[in-house]
Amino acid sequence: MGNSINGKVETYCRMCDERCGIIINFADGRISDVTGSKNHPVSKGKICIKARAIGDYVHSPKRLLKPLKKTPSGWEEISIDQALDEIAEKIESIQSKYGNRSIGVWKGEAVGFNQQEDYARRFAYALQTPNYLSNNTHCSMSRVLGYISVRGHYPAPDVLNAKCIIIWGANPMQSASPLANMVNEAKKKGARLIVIDPKRTGLANRADIFAQIKPAADGAFALGLINKIICNKWYDEDFVADHTLGFAQLKNYAAKFTDSYVEKETGVPTETLNEIAKIFCNCSPQAVILTGNGLEHCQNAVNNIRAIACIGALTGCIDQLGGDFIPESPGLNRLRPDWEKVLQLGPVGYDKYPALARVQENHTLLAMDAILTGKPYPIKGIIMTGANPVLTNANAAKVIKAFSSLELLVVRDLFLTKTAELADYVLPGASFLERSEIIFYNRFQTMALSEKIIEFENCQCDYLFWRGLAARLGLQDYFPWQNEEEVNNWLLEPMGLTTDMLRKYPYGVQYAPIRYQKYKEKTKPFDTPSGEIEFASNYLKSLGYAELPAYTSPNYISANPSEYPFVLISGARKIRYCHSRYHNIERLAKGDKPVVEMSPEDAVKLGVQNGDLVQVASEVNSIKIQVKVCKQGDVLEGTVHIAHGWDEANVNLLTPDDKNDPISGFPLLKAVPVCISRV
Ligand SMILES: Nc1nc2c(c(=O)[nH]1)N[C@H]1C(S)=C(S)[C@@H](COP(=O)(O)OP(=O)(O)OC[C@H]3O[C@@H](n4cnc5c(=O)[nH]c(N)nc54)[C@H](O)[C@@H]3O)O[C@H]1N2
Ligand SMILES: Nc1nc2c(c(=O)[nH]1)N[C@H]1C(S)=C(S)[C@@H](COP(=O)(O)OP(=O)(O)OC[C@H]3O[C@@H](n4cnc5c(=O)[nH]c(N)nc54)[C@H](O)[C@@H]3O)O[C@H]1N2
Ligand code: SF4
Ligand SMILES: [Mo]
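Residues numbered from 1 in each chain as written. Chains lettered and ligands numbered in written order. Predicted model: local features only at pLDDT ≥ 70, side-chain atom pairs only at ≥ 80, totals over all residues. Heavy atoms only, no water.

### Concerning the nonpolar core
Keep this limit in mind: Within this scheme, the nonpolar core is defined by two criteria: the residues are buried Ala, Val, Leu, Ile, Met, Phe, Trp, Tyr or Cys, and they are joined through side-chain atoms within 4.5 Å. Each residue is placed in one exposure class: buried if its accessible area under a 1.4 Å probe, protein chains only, is under 20% of its type's maximum, exposed if it is over 50%, and partly exposed if it falls in between. By definition in these notes, contact holds between two residues if any of their heavy atoms fall within 4.5 Å.
Of all hydrophobic cores here, the largest spans 57 residues; its most connected members are Ile166, Trp168, Phe221, Leu223, Ile226, Ile311 and Leu314. Sequence-distant contacts of Phe221, defined by excluding residues within four places in its chain, comprise Trp168, Ile196, Ile213, Val262, Thr266, Val268, Leu273 and Ile276. Of all hydrophobic cores here, the second largest spans 47 residues; its members include Ala120, Ala470, Val487 and Val509.

### A word on the site of ligand 3
Using the following cut-off: If a single non-hydrogen atom of a residue is within 4 Å of a molecule or strand, that residue counts as near it. Following the grouping adopted for this structure description, the nonpolar residues are Ala, Val, Leu, Ile, Met, Phe, Trp, Tyr, Cys and Pro, the charged ones are Asp, Glu, Lys and Arg, and the polar ones are all others, Gly among them.
Taken together, the neighbourhood of ligand 3 is formed by Cys13, Met15, Cys16, Glu18, Arg19, Cys20, Ile47, Cys48, Lys50, Ala51 and Ser177. For the shell around ligand 3, the per-class residue count stands at 7 nonpolar, 1 polar and 3 charged.

### Remarks on the sheet that holds strand β7 (residues 103-107)
Spelled out, the test is: One bridge is not enough; two strands pair if DSSP finds at least two bridges between them. Secondary structure follows DSSP: runs of H or I at least 4 residues long count as helices, runs of E at least 2 residues long count as strands, and numbering of each begins at the N terminus. The axes used here are C-alpha line fits, helices contributing only the stretch in contact, and every angle between their N-to-C directions lies in the interval 0 to 180 degrees.
The strand order across the open sheet built from 7 strands is β6-β5-β18-β17-β16-β7-β8, with neighbouring strands paired in mixed fashion. At either end of the open sheet lies a strand with only one pairing partner, and these are β6 (74-77) and β8 (132-134). Each neighbouring strand pair of the sheet contributes to a mean axis angle of 20 degrees, computed without reference to strand direction. Note: β7 against β8, 3 bridges, orientation parallel. Each bridged residue has a counterpart across the sheet, and for Trp106 the counterpart in β8 is Leu133.

### Overview of the sheet that holds strand β14 (residues 287-291)
Pairing is parallel in the open sheet, where 4 strands are placed in the order β12-β11-β10-β14. Two strands lie at the open edges of the sheet, namely β12 (209-211) and β14, each paired on one side alone. Put simply, the sheet's adjacent strands are angled 15 degrees from each other on average, direction ignored. Looking at chain direction, strand β10 (residues 164-168) and strand β11 (residues 192-196) are connected through 5 bridges and run parallel. Paired with Ile165 across the bridge in β11 is Leu193. Against the sheet, helix α7 (residues 177-188) touches β10, β11 and β14, its axis set at about 145 degrees to β10.

### Describing the environment of Pro285
Mapped onto the fold, Pro285 is located in the loop between α13 (270-283) and β14. Residue class for Pro285 comes out partly exposed when judged on its relative accessible area of 32%. Between the C-alpha atoms of Pro285 and Pro67, which are 218 residues apart in sequence, the distance is 55 Å.

### Observations concerning the pairing of strand β20 (residues 446-450)
Among the 5 residues that make up β20, 5 are buried, leaving the element largely enclosed by the rest of the structure. Where burial is concerned, the two faces of β20 agree: the one with Thr446, Ala448 and Ser450 and the one with Met447 and Leu449 are both buried. The pairing of strand β19 (residues 437-441) with β20 spans 5 bridges and is classified as antiparallel. Its bridge partner lying in β20, Ile438 is registered against Leu449. Taken together, β19 and the strand that follows it, β20, pair antiparallel across an intervening segment of 4 residues, in which Gln445 is found at a positive phi of about 55 degrees.

### Here's the deal with the site of ligand 2
We apply this condition: N or O atoms within 3.5 Å of each other form a polar contact, as long as, within protein, one can give a hydrogen and the other can take it, and as long as residues adjacent in sequence are counted only when both atoms are side-chain atoms.
The environment of ligand 2 is made up of 35 residues, and the closest members are Thr392, Asp413, Ala430, Ser580 and Arg581. At 3.2 Å from a nitrogen atom of ligand 2 is found a main-chain nitrogen or oxygen belonging to Arg412. A class-by-class count of the residues in the shell around ligand 2 yields 11 nonpolar, 17 polar and 7 charged.

### Notes on the packing of aromatic side chains
Note the following rule: Any two rings among Phe, Tyr and Trp, with Trp reduced to its six-membered ring, count as a pair given centres within 6.5 Å; such a pair is stacked if its planes are under 30 degrees apart, edge-to-face if over 60, and tilted if neither. Think of it as a cone above the ring: NZ of Lys or CZ of Arg counts as a charge over the ring if it is within 6 Å of the ring centre and within 35 degrees of the ring normal.
This structure, assessed with the given rule, holds 19 aromatic pairs. Considering the side-chain rings of Tyr57 and Phe415, the 5.8 Å spacing of their centres and the 45 degrees angle between planes classify their relative orientation as tilted. Here Tyr57 is found in helix α2 (residues 54-58), whereas its partner Phe415 is found in the loop between β17 (408-413) and β18 (425-428), with 358 residues between them in sequence. Put simply, the rings of Tyr253, Phe257, Tyr261 and Tyr551 touch in pairs and so form one group of aromatic residues. Its guanidinium or amino end placed over the ring of Tyr441, Arg19 lies 4.8 Å from that ring's centre, counting from NZ or CZ.

By themselves, these observations are geometric and do not establish any function.
In structure tokens, the structure reads:
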């Protein structure tokens, strides 16, 4: 199977979103092996285990190669034309019965961002539905919201030139190998490394300081640091005076975060807090904080992240060499529809989470409620690509119930996943080697063309799928370009570039020179309502939220813990998987199984050992899973961890969808109170 070139092809790996440079060797039309490309300026020849499994993945015998239609007697193979004809007809009938907004379009993590995301947004807009849904109800948007409310932008930390690196709620050794390599490189040049995490990660082992914090207590720690920095006058007085608003209020508020309170709340000793504050300020402005997913999944996520965003702003790290670089945009043509017009159509979730408008996101969890209740209006059909929400969205039982009740669910995937099993139509998706798109490294301000190098009959790329479906609905004007090559050239037009020009630079061209301290060039340089850095936000206040990055203690700390005495964190990355992906690839998953990781002290308390089966129950649901007892000190006592993405023990059956961060609406995926008992 497969139609391809023989010999070597140099391209980008997209088994995760890091885009390392790879050389793929083909033999007899199949990928025979994959090695790292030394020509790639970021990955420099290094690749991880997932890249080595690209051939197993792309040529997997489990891959879907024909569209499937669900019939009373099971799956029936049909042609793409028949599938698109029937899906278009069904969309028209649903929209005429329930209104344009009754169709949702869902894009998952696997197809990436930029133009793949924009195709989905564009198709939704063509249908006149505001309901573009995505993995971003669970990913990054809390961080983006937190940062942009303070700074007006999301930074790209200049790790390589930093003298102090704080890794806060992230684990790049598992989740972003090239970034971990940069951290190690900076460390070799003398950078100090600090890790703040409830779990001892790989980089925590190499860190100068490891602060083993209680889950979701990050805001208290950040405010404790702010208090230290202000009391000791370790902040950048000129930068604060010239470019920030709300300093006096922040100072006042942070004063409540005394040593004893912070130590009790976070579990981190005061000496450690002092040490971190001192090192960070000594190294500033060449100091960065790398924030991760670990900060996003709690009930105070955005405010905790706002507090963290204030730290580097206080010490003047903004847009500095070795600090928080502010990337410039490349200035392509826009595929994405005008957001103001989308908003006017009334996306689901905005009454509850109005701040989402700032990041142009909708709320997938409230979409589940709309499907089940018909309120605020019915959603009856979903067209999905590159996602597996049955394994990745909070409260999976509700997701299954909602998807099962739809009049139309279309899933585009490489495999018949748990989500695809619920669909009316399953369409074979194209892997990243089967599409052409423009990719970016915003930290280096480079862009490159990643080209299709292999093709399977019936496995359409996303662009041709959206175009084919739009044409059947009379919406061809939204997708006028015949193929991806035409789209790519149209995108590049305003920059005076063409795909042929990009082809000459396989690992990218720089679209703008790197410049620092760009804020000095303008009077109101930051993209906040005031144009300055906002320690206090009038915008959030006007929406009914706290003006300052206020801290609220997580329920498991503040409430009586007796019924659910453990706190579950879920989804710490493992290098061999990406969310629900690759558990079906033997080379990657062999010998591995889902486990609940716990400290030896907790294992003793529960009377369990490695391999014992336990039941883990939250307020929402329960699962059975085997125990893995960790080394002492690797997981904080009282805290347990379960990875997401496993069919066999789906941790998202336990995660609630109604205990959300009030600003971003992000669900509680870390800091979930649970009880554990032997089976
Ligand atoms: N191999 C692999 N790589 C991936 C992915 C994947 O699934 N697999 N997913 C990709 C995606 S979409 C994303 S969003 C990124 C995420 O990448 P990261 O942001 O690096 O996320 P994690 O690896 O989950 O690391 C989160 C860390 O936060 C810690 N943590 C949990 N709760 C808390 C808390 O309350 N406070 C603090 N301070 N720390 C906490 C966890 O113990 C863990 O070490 O990874 C990307 N890369
Ligand atoms: N409990 C818990 N849940 C979490 C998280 C957590 O930390 N804890 N993290 C959350 C985060 S940060 C994220 S980003 C989400 C991700 O959640 P999802 O968006 O659901 O992403 P994946 O699980 O990677 O699902 C991708 C699906 O796309 C398919 N696929 C792969 N390549 C392609 C392609 O090129 N085209 C198409 N059409 N399909 C393809 C894969 O086979 C897979 O079934 O999960 C979230 N869920
Ligand atoms: S980190 Fe691994 S999976 Fe991700 S792009 Fe690089 S080689 Fe591929
Ligand atoms: Mo993510």
